[in-house]
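The primary structure of each chain is shown beneath.
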Amino acid sequence: MTEVVAALICREGRFLICRRPAHKARGLLWEFVGGKVEPGETKAQALARECREELAVEVDVGAPFMEVTHAYPDITVHLTLLWAQIRSGEVRLLEHCDMRWITPDEIGQFAFCPADEEILRRIEREFPRKKA
């Protein structure tokens, strides 16, 4: 099983999602930014590194939001989604082909990686809604 971390980065009632490049596995699907935990890294260290490599930002990593295990045909991942806050830098797409800041109500408009589906259902249930 492969340990994977991802970031739940929020601002103003929205959270950040990124679209995978077409040439990668699960190409053009949406996901939370993140990646594999390398040998000798903690999950927090791995997430900080992935945010630097993929978004050119420094983040403060917080507590886990949720953990899921998902078996794809080519890999089984244990995914830990961690709260993260951008400390410095402006988000730049260094690996992904698109990004969006979305509300929980907009989740259904995007095709996500299957490993994220259970997480997204929890976000839809638990995230505070902005009052109209």
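Keep in mind that what you see is a predicted model, and the values were worked out from it rather than measured. (Residues numbered from 1 in each chain as written. Predicted model: local features only at pLDDT ≥ 70, side-chain atom pairs only at ≥ 80, totals over all residues. Heavy atoms only, no water.)

Q: Before we move on, can you summarise the overall build of the chain with the specific residues and values?
A: When you go through the chain residue by residue, the secondary structure sums to two helices and seven strands. Written out in order from the N terminus, the α and β elements of the chain read β-β-β-β-α-β-β-β-α. Seen along its three principal axes, the alpha-carbon backbone of the chain occupies a region of about 45 × 35 × 30 Å. Across the 132 residues in the chain, those meeting the buried criterion constitute 41%. Partitioning the contacts of the chain with sequence separation of at least 6, the portion at a separation of at least 24 is 70%. (Helix = DSSP H or I, 4+ residues; strand = E, 2+ residues; numbered from the N terminus. Buried < 20%, exposed > 50% of the residue type's maximum accessible area, 1.4 Å probe, protein only. Contact = heavy atoms within 4.5 Å.)

Q: Tell me about the pattern of salt bridges, and name the residues and values.
A: Oppositely charged side chains can form a pair if their charged atoms are brought close together. Going through the model one piece at a time under the given rule, you end up with 13 salt bridges. A salt bridge links E106 to R14, with the nearest nitrogen and oxygen atoms 3.2 Å apart. Of this pair, E106 sits in the loop between β7 (98-102) and α2 (117-126) while R14 is found in strand β2 (residues 14-19), placing the two residues 92 residues apart along the sequence. Look at R14 and you get partly exposed, because its relative accessible area is 33%. Residue R20 pairs with E31 through a salt bridge whose shortest N-O separation is 3.0 Å. Placement of R20 in the loop between β2 and β3 (30-31) and of E31 in strand β3 is noted, with a sequence separation of 11 residues between them. In terms of burial, R20 and E31 fall into one category: buried. Three or more residues are tied together by salt bridges with common partners; here these are E41, R49, E50 and E53. (Salt bridge = Lys/Arg side-chain N within 4 Å of Asp/Glu carboxyl O.)

Q: Residue-level account of the nonpolar core, with values.
A: In terms of nonpolar packing, the biggest core is built from 24 residues, with L8, F15, F32, F65, F112, I119 and I123 touching the most fellow members. Taken together, the elements giving at least two residues each to this core come down to β1 (2-11), β2, β5 (58-71), β6 (76-88) and α2. Apart from the residues within four sequence positions on either side, F65 is in contact with L8, L81, L82, W83, I119, R122, I123, E126 and F127. (Core = buried A, V, L, I, M, F, W, Y, C linked by side-chain atoms within 4.5 Å.)

Q: Outline helix α1 (residues 43-55), listing residues and values.
A: With 13 residues, α1 should cover 18 Å at 1.5 Å per step; its first-to-last C-alpha distance of 17 Å lies within 8% of that length. All buried positions along α1 are accounted for by A46, L47, A48, R49, E50, C51, E54 and L55. Looking one or two residues beyond α1, the residue adopting positive phi is A56, at roughly 60°. (Expected span 1.5 Å × (residues − 1).)

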